[in-house]
Every structure is written in structure tokens, then in C-alpha cells.
Amino acid sequence: MGAAKKKLRNCPAIAGTLTPAACGEGRHSRYACPNGCPFDPFSVENYDQLLETETPLDRKMMEWLFTRSTDARRVSLEYERLMARGSEVAAHSFVTREFFVRRDAEGTTGAERFERACGASLKNDERVLLKCKKQTRATFMETRTVLADGRVELVDLLAADPKPMWCLDRSLAARAPRFLGFAAWWYPAPHFARLAGSIAVFVEPPGWEMRDVGLETARHLGAPEEPGAMGNWLALEFERFSDAVVATGRVRHRRMMESMDARLCTAVYELRAPFAECRDILDTVTAAAPSPLESHERDEGFADARAMYERSRTDQNRRALVGRVLLGQTMWRLEAFGAVSFGAARERVESALGSRLVLARERIDDVAAQILGREPTSDEAIVPPRLVDNQGGFAMERLEVIPSSSAASPEDVAAQFRDEYARSLPDTPVPMFAGKTPREAAADPALRATVVAWAKGLLRQEDQNRLRTGSDGGVEAALRELGLPELDVPPPPLRAKPAEMEFEDASDEDLDDYGYDYEDTAEGEQLDLPLATLPSGPIDVEEARDRLDDAVEGFGDFDEDQEDFPGGAMWFLAAVDEASADLLDEETWKEVSTYFVETWFALVPLGSRAPAVPFKRLVGALRDEIDRIGASERSASASESALRNAQLRQPILVDVYGEDFLADMGRIRRGKRPPKDQQGIFVLVLAAAINVVDRLLREEL
């Protein structure tokens, strides 16, 4: 009797006690279980228990769908085809429709037929979860409040009466800003909503509400005008909608880049007069001022620098940088961003100095064209014109900020600029508001909705910048002055920067100087991790096999774990991708990228690190090694010849991995494996990558 009493559970739903069996059998059916019950896997605090229930249930549902459902062969073949194309969104949407949308001749869904066939064998919590999943549907969502416990407040933008609801999704909570719009599959659980599969994040045209962005995209694709029918249409066309969202973002970015004067321009002059004389004349040029030299500029031999300014086109109270002149004893270099600024700076310098300077050479690099040349193209037919038109020209300016103190650091100056921008924001005219200031437009009923949408966009940017930098930009307080209750949503808590944002920041902003960051990764790596070591000579067969086996076992599955890359592996994969972009096509890269990750861990085991090097230097070393080995050869026979003649630092490792790769290819159905020439090129790129990592670990880069 005493033992039986010890097993009883306190049940807040009945304000009494229950046996574990009664608790499980009546959970969320007989009993209205409140959130917070320690025995309820559907409580927020017990989220891990819910995942432990969801994983086996999903496995059982998929196994039934692919092997025992009436359409098993059709479904499995279509799913396999979509996955082989790399279309994970399409594959997930297809399976979701088969379970929760498509009905057979009797009018039953796949989930209902699964429940009829397998429900008796399910555990109690699995039956509750299946009941929830049967309500899965597609909709447009917008984020509101983000909490530290993994909950995100969402609004269903297609609901007849949109009201906030809590969703428990740690991945979304780790990244989402306020007012983010997206399309998603979701279902209601007892105490929160759950998202299912990938989301399609909307583009953010200034002044557009997220609901209108979603509706504009759907209607362009042929969705019905009736609001009540939109959700059903989205369920049937989710992957096409997702493709349109991605294409719209790419086209917007392309048109923005094409409209920008993003040319990096330099002109080098030889002095024909004494340095001091030329410098004194340059100082008479209008709006020229001393500019501090960077350390690398001093290393190049420059003694001084001057900056030239003009009145800003975007801020009447500031000056914008036109260009900088680096002053050497016998040679000067003019640098400017944008052809217009470059022309203006050249005219000032050459008019003032005349024959005292002789142009030795000039160089113009179209940064926008280089970026666009690496980006994939998109089908513009699926892009809504209104979401990409009328973006206008983009003027890029570097505004002058006069430090409030001579001892101010660059970080202090940046903070000062943000504060000044935020203070002026409510009273700076905005073209979108017919030239009115945000404060004036917020009081105008005809413009108020546009101001709200514009302000939401600024808060999205503020949250994303805060996630990236850990600091506020001051926009929050400035927008509060507009008196718009629609913006009364607290900012997300301070969160760790996601690993993919590390990649975006470095690849977009600072590739020249960025090295591996071992201090801010998902694994929490630190610079005091021991450096990986290699034997003095090449690795033998036994060690090569052991290293590869350990890499595969320790790292796990690439697709599931890629968000948890230790920093060096992520940068290595990105560097190989960039260095081999002209050699390996997109479909082949999807098949082979995992091999490069496993190669990294074979040479740099988990728990160790490689020496930090700038990303661009790593890419350059890979390209040089690829060219040296001869991976640019486009035929299989030429690749084999190049590999035989290559000087390999780890020939056994290349042989062992090459054999494994070719064996894996043999197990892939003909027509789905990469072509022979691509397989040969991959092995050569792999050999080049192994050579470079070997050099990196021996600190020879």
C-alpha cells in the first residue's frame, strides 16, 4: 500500500492524485491538463519530452506512408525524386499534403487512415500529438514578442480574426526579429502552436505590411481572391510560393545592386615635384582634411593621408566622403567608392596639382558585378512586379562623424553616429511620406498605415543588427515618439549570434581580414583549444582509415548537424565552395560537400583547432592548389592523369577517401549520380583541399 501511494502523482487538473497509468490515459482528453504540470510533455517546461514523443511518431507515420499506405509506391518514388533534386521544402510539403490535405475517394486524409491502421499501437502521448498534427495547415505568419524560453508570439495573418498566439520553436526564437513575415505549416498543441518544416520568409519592401507581401505573391501565382480560400491554395502550392519568395528576394537584391554605383576605384600618381610642396597644395583643395592612416597603409610606405568631402545627398547636416589620397614620398594613391565620387576626386586633385602629378595607372573594380556574377539567377515570371519595382537608385555614402572627444575610439564614433541618426529620425523628411517627416505622417490618417509598416521594417532591422552586434541602434526610442500602439512589442532578449550569421557577416563585409572565429560558435570553442597536429610524414593506410572513421562517427550526419559546425569547418567548407565554384556544378556540390566536412574533421579532429588565417587567403591558397594539381581539366581521363602526376602531401588519405567516394557513387542510381567528369574533378579538388589543410596545420600558409 505504501509503495502504491508513492507512485501516485499530484494532478493539478483534478486537484488530487492519480496513478501514472490514469495520468497518461486521460492526458488532454479526460483531463484539462494545465501548462506547467511536470508530468505533461506538452508543457513549455517539458519541451524536450515532447520532442522525444514527436520523433518516433514521425518515424512511424513515414514508415506507414512509404510502405503500407495504398499509394506507398507512388508516394515513395515522388519523395525520392524531390529529395534527389535537393528540394527539401518541396519534399516536406508533398508529405504534409499526403497526410493532412489530400483526401481519398472516401474523403479521408492520410493521417486519418494512419490513425485507423496504427492508432491502437501508439502510446498515449503519441495519440494526443497525432490529434494535434491532424489540424496542420498552411498560412502566413508575423512575429511579435520573442521570449528566452523558446516561445515566439505569432499572428496568423490569414485568420478571419487575427489574434496573437504562442508558438514554441527554439530555432525561430534564436533568430527571429519582431514583425518578420513568413509562410509556414503549423498545428495547435495543447499549450502552444508548433511549426512544421521550413518557413518561407517574405521580402521586406519599405512601407509594405507583411500580410500584403504574402497576398501579393500568392495572387501573382494565381491564388483566389477570396481570403477564406487562400490557406487551402497555399497548402497545395506551398513549394511554388516558397520558390517565388526566394526568387523575389534575389531579384530585389539584383536590381538594388544594379542600381548602385558600387565600383571600387583607385588611381596611382607619380610625383614630379617635392613631396612637401605637393602636400601643401593638396591642403588648399576645398573640403580636404587630414585622415589617419591605417596600420597596413603605413606598412605600404605611405606617410600621410587626406580625405575629401562634399555635402551629403542624404543628410543635409553632414558631409560625405568623396575619396582619400594616400601620400607617399614619390607616389600617391587616390581611392574612392563609386565612379561619380572617383571622377570628382580626380578632378579636384589633378586640377590643383597639375603637372606636379602624373597618372601612372588606374583600376576600377565593379564590386556589384562581381557579387552578382556569383549569384544564381531566378525565374522572374514568378516574381510579383510590385514587390521589386520602384526601388529607386541607391546612393552609398560614407558620412563624416566629428568625434565628441579626441580620445573617442572607432566604436565610440559609431555609437555616436547611431545616436545622432536616431535622434533626428522622427523629424527627417522621408520621400515615401510625400516629403513629410515620420512625426507629421504618423498624424496624417492617409499616411498612418504606411508609417506603421515603415517603422516595423526599421524594428526588424534593429533586431537583426542587435542579434549580429549585441548592441542597440537607438531606433526603438525614436519610433516610440511617433505614438503608434502597433509598435508596442518589446524587443527580443539578447541572444547568441547564430552560426550562419557569422558566415553572412564575414562573406559580405570583411572577407579580406576575417579569420576563423573560435570564440563565438555553436560549440562554444575557445582559442585555448589545442592545435591539431599531423605526423612528420604522410599518414599511413591504417591511420587514414581510423581518422576517416572517427570523423564520420564523431561528426554525425551532415544535414542534421550543419548548424553546429565548429567555426573552422564552416569556414573551410565556404572556402572550398568559393574556390571550386567554376568547376563543380550546383548539383554535384550538393552530393559532395559532406565529404569536404568529413575531410576537415579527419585532419582537425573535434576538440582541436587549426591556426586562424584570413578567409580570402584560404580561398586563394585553395585556388592556387587546384590550378597546380590541374582540377580545371574537364574530362575524366585528364583528371585521372592530373591526379597521378600531382604532388600530394597525404596521398594515402586521398586514395582512401577517393575509393570511398567512388564506392558511394556506385550505390547511387544511374542518372542521379554526378557525371564522370564531375566525379574526377571532385577527387582533384579534394586532393587540393587536403594539401591546403596539411599546409595550414603545419603553419605554412
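Residues numbered from 1 in each chain as written. Predicted model: local features only at pLDDT ≥ 70, side-chain atom pairs only at ≥ 80, totals over all residues. Heavy atoms only, no water.

Colleague: A description of the overall build of the chain should follow, citing residues and the corresponding values.
Modeller: What the chain contains, in helices and strands, is 29 helices and 13 strands. Expressed as a percentage of contacts within the chain between residues at least 6 apart in sequence, the contacts between residues at least 24 apart total 67%. With an accessible surface of roughly 34800 Å², the chain has 50% of that area assigned to carbon and sulfur atoms. (Helix = DSSP H or I, 4+ residues; strand = E, 2+ residues; numbered from the N terminus. Contact = heavy atoms within 4.5 Å. Areas by Shrake-Rupley, 256 points an atom, 1.4 Å probe, with all protein chains shown as cover.)

Colleague: Residue-level account of the side chain of R324, with values.
Modeller: By the secondary structure assignment, R324 is in strand β11 (residues 319–327). By relative accessible area, which is 11% here, R324 ends up buried. Within polar-contact distance, the side chain of R324 engages the side chain of E297 at 2.9 Å. (Buried < 20%, exposed > 50% of the residue type's maximum accessible area, 1.4 Å probe, protein only. Polar contact = N/O pair within 3.5 Å; in protein donor to acceptor, adjacent residues only side chain to side chain.)

Colleague: An account of the packing of aromatic side chains is needed here, citing residue identities and associated values.
Modeller: Under the counting rule described, the total for this entry stands at 14 aromatic pairs. When the ring of F202 is compared with that of F241, the centres are 5.9 Å apart and the planes differ by 65°; the resulting orientation is edge-to-face. Placement of F202 in the loop between β7 (193–201) and α9 (210–220) and of F241 in helix α11 (residues 238–259) is noted, with a sequence separation of 39 residues between them. The exposure classification of F202 matches that of F241, with both residues buried. Ring centres of F275 and W332 lie 6.4 Å apart, and the angle between their planes is 85°; this geometry places the pair in the edge-to-face category. Pair noted here: F275 is in helix α12 (residues 275–282) and W332 is in strand β12 (residues 331–337), with a separation of 57 residues, a long-range link. (Phe/Tyr/Trp six-rings, centres within 6.5 Å; stacked < 30°, edge-to-face > 60°.)

Colleague: Account for the packing of helix α3 (residues 47–67) against helix α7 (residues 124–133), with residues named and values stated.
Modeller: For the pair α3 and α7, interaxial distance at closest approach is 10 Å and the crossing angle is 75°. Accordingly, the angle class assigned to the pair α3 and α7 is roughly perpendicular. Residue-level contacts link L50, T53, E54, P56, L57, D58, K60 and M61 of α3 to D125, E126, L129, L130 and K133 of α7. The class makeup of the residues in the contact of α3 with α7 is 6 nonpolar, 1 polar and 6 charged. (Axes fitted to C-alpha atoms, helices over the stretch in contact; angles between N-to-C directions. Parallel < 35°, antiparallel > 145°, perpendicular 65-115°, else oblique. Nonpolar A, V, L, I, M, F, W, Y, C, P; charged D, E, K, R; others polar.)

Colleague: Explain the sheet that holds strand β13 (residues 357–366) to me, and be specific about the residues and the numbers.
Modeller: Reading across from one edge, β9-β10-β11-β12-β8-β13 is the order of the 6 strands in this open sheet, with antiparallel pairing throughout. Two strands bound the open sheet, and with one partner strand each, they are β9 (288–290) and β13. Going from strand to strand, the sheet's axes swing by 25° on average, the running direction of each strand aside. The sheet contact formed by strand β8 (residues 263–271) and β13 spans 9 bridges and is antiparallel. Each bridged residue has a counterpart across the sheet, and for T266 the counterpart in β13 is R363. In the packing of helix α15 (residues 367–374) onto the sheet, the strands contacted are β8, β12 and β13, and the crossing angle to β13 comes to about 30°. (Pairing = 2+ DSSP bridges.)

Colleague: For a negative patch on the surface, give the residues involved together with the corresponding values.
Modeller: A cluster of acidic side chains, namely D540, E542, D546, D549 and D550, defines a negative patch on the protein surface. Relative to the helices and strands, E542 resides in helix α22 (residues 541–555). (Patch = residues over 30% accessible without salt bridge, like charges linked within 9 Å, V, L, I, M, F, W, Y side chains within 5 Å. Salt bridge = Lys/Arg side-chain N within 4 Å of Asp/Glu carboxyl O. Lys, Arg positive; Asp, Glu negative; His and termini not counted. Charge placed at Lys NZ, Arg CZ, Asp CG, Glu CD.)

Colleague: Describe in detail the packing of helix α4 (residues 72–84) against helix α5 (residues 88–100), supporting the description with residues and values.
Modeller: Contact geometry for α4 and α5: axes closest at 8 Å, N-to-C directions at 160°. Taken as axis vectors, α4 and α5 run roughly antiparallel relative to one another. For the pair α4 and α5, the sense of crossing is left-handed. The residues of α5 that touch α4, namely those facing R74, V75, E78, Y79, L82 and M83, are E88, A90, A91, F94, V95 and E98. Split by residue class, the contact of α4 with α5 holds 8 nonpolar, no polar and 4 charged. (Left-handed = near helix turned anticlockwise from the far one by under 90°.)

Colleague: Provide a residue-level description of the pattern of salt bridges, including the pertinent values.
Modeller: This structure, assessed with the given rule, holds 50 salt bridges. Its salt-bridge partner being E126, residue K60 comes within 2.9 Å of it at the nearest N-O pair. With K60 in helix α3 and E126 in helix α7, this residue pair connects regions lying 66 residues apart in the sequence. On the accessibility criterion, K60 (31% relative accessible area) is partly exposed. The class for E126 is buried, based on a relative accessible area of 3%. One salt-bridge network, held together by shared partners, links E54, D58, K133 and R194.

Colleague: Please set out helix α14 (residues 339–353) residue by residue, giving values where relevant.
Modeller: For α14, spanning 15 residues, the distance from its first C-alpha to its last is 21 Å, which sits close to the expected 21 Å at 1.5 Å a residue. Burial in α14 covers these residues: S341, F342, A345, R346, R348, V349 and L353. Each buried residue of α14 sits inside an arc of 165° when the element is viewed along its axis, so together they form one side. One or two residues past the end of α14 sits G354, with phi positive at roughly 55°. (Expected span 1.5 Å × (residues − 1). Arc of directions from axis to C-beta.)

Colleague: Outline the side chain of R194, listing residues and values.
Modeller: Among the structural elements, R194 can be located in strand β7. Here R194 falls in the buried class, since its relative accessible area comes to 6%. In terms of polar contacts, R194 uses its side chain to reach the side chain of Y47, at 2.5 Å. There is a polar contact of 2.6 Å between the side chain of R194 and the side chain of E54. Those residues in contact with R194, other than ones at most four positions away along the chain, are Y47, L50, L51, E54, C167, L168, W185, W186, Y187 and A189.

Colleague: Account for the environment of T19, naming residues and giving values.
Modeller: With respect to the helices and strands, T19 occurs in the loop between β2 (16–18) and α2 (20–26). For T19, a relative accessible area of 37% puts it in the partly exposed group. Along the primary structure T19 and K7 are separated by 12 residues, whereas in three dimensions their C-alpha atoms are 6.6 Å apart.

Colleague: Tell me about the confidence of the model for the chain, residues and numbers included.
Modeller: Chain-level statistics for the chain give a pLDDT mean of 82 and a share of 84% at 70 or above. Confidence over residues 556–567 falls short of pLDDT 50; this stretch has 24 contacts with residues more than four positions distant or in other chains. Predicted confidence is poor over residues 632–639, with pLDDT under 50, and the contacts of this stretch with residues over four places away or in other chains come to 14 contacts. (pLDDT = per-residue confidence, 0-100.)

Colleague: Got a sec to walk through the pairing of β7? Specific residues and values, please.
Modeller: Note that strand β6 (residues 181–188) and β7 share 6 bridges and pair antiparallel. When the sheet's bridge partners are listed, P188 is paired in β7 with A193.

Colleague: An account of α11 is needed here, citing residue identities and associated values.
Modeller: A rise of 1.5 Å per residue sets the reference length of α11, with its 22 residues, at 32 Å; its end C-alpha atoms lie 32 Å apart and thus fit the reference within 8%. Among the residues making up α11, those that are buried are F238, E239, F241, S242, A244, V245, A247, T248, V251, R252 and M257.

Colleague: For the pairing of strand β10 (residues 304–311), give the residues involved together with the corresponding values.
Modeller: Sheet topology places β9 next to β10; 3 bridges connect them, and they run antiparallel. Directly across from A289, in β10, lies its bridge partner A307. Pairing of β10 with β11, which is carried by 8 bridges, proceeds in the antiparallel orientation. Bridged to Y309 within β11 is L321.

Colleague: Outline the nonpolar core, supporting the account with residue identities and numerical values.
Modeller: Residues F596, W600, L603 and F682 are the most contacted members of the largest nonpolar core, which totals 54 residues. It is helix α29 (residues 676–697) that contributes the most residues to this core, 14 residues altogether. Judged by nonpolar contacts, the second largest core, of 32 residues, contains A200, V245, A247 and V383. (Core = buried A, V, L, I, M, F, W, Y, C linked by side-chain atoms within 4.5 Å.)

Colleague: Before we move on, could you go through the environment of K134 and cite the residues and values that matter?
Modeller: Mapped onto the elements, K134 comes out in the loop between α7 and β3 (137–146). For K134, a relative accessible area of 31% translates into the label partly exposed. Once the C-alpha coordinates of K134 and F99 are considered, the two residues, 35 residues apart in sequence, prove to be 8.1 Å apart. Sequence-distant contacts of K134, that is, excluding residues within four places in its chain, are made with F100, A111, E112 and E115. Of the polar contacts made by the side chain of K134, one reaches the side chain of E115; its length is 2.7 Å.

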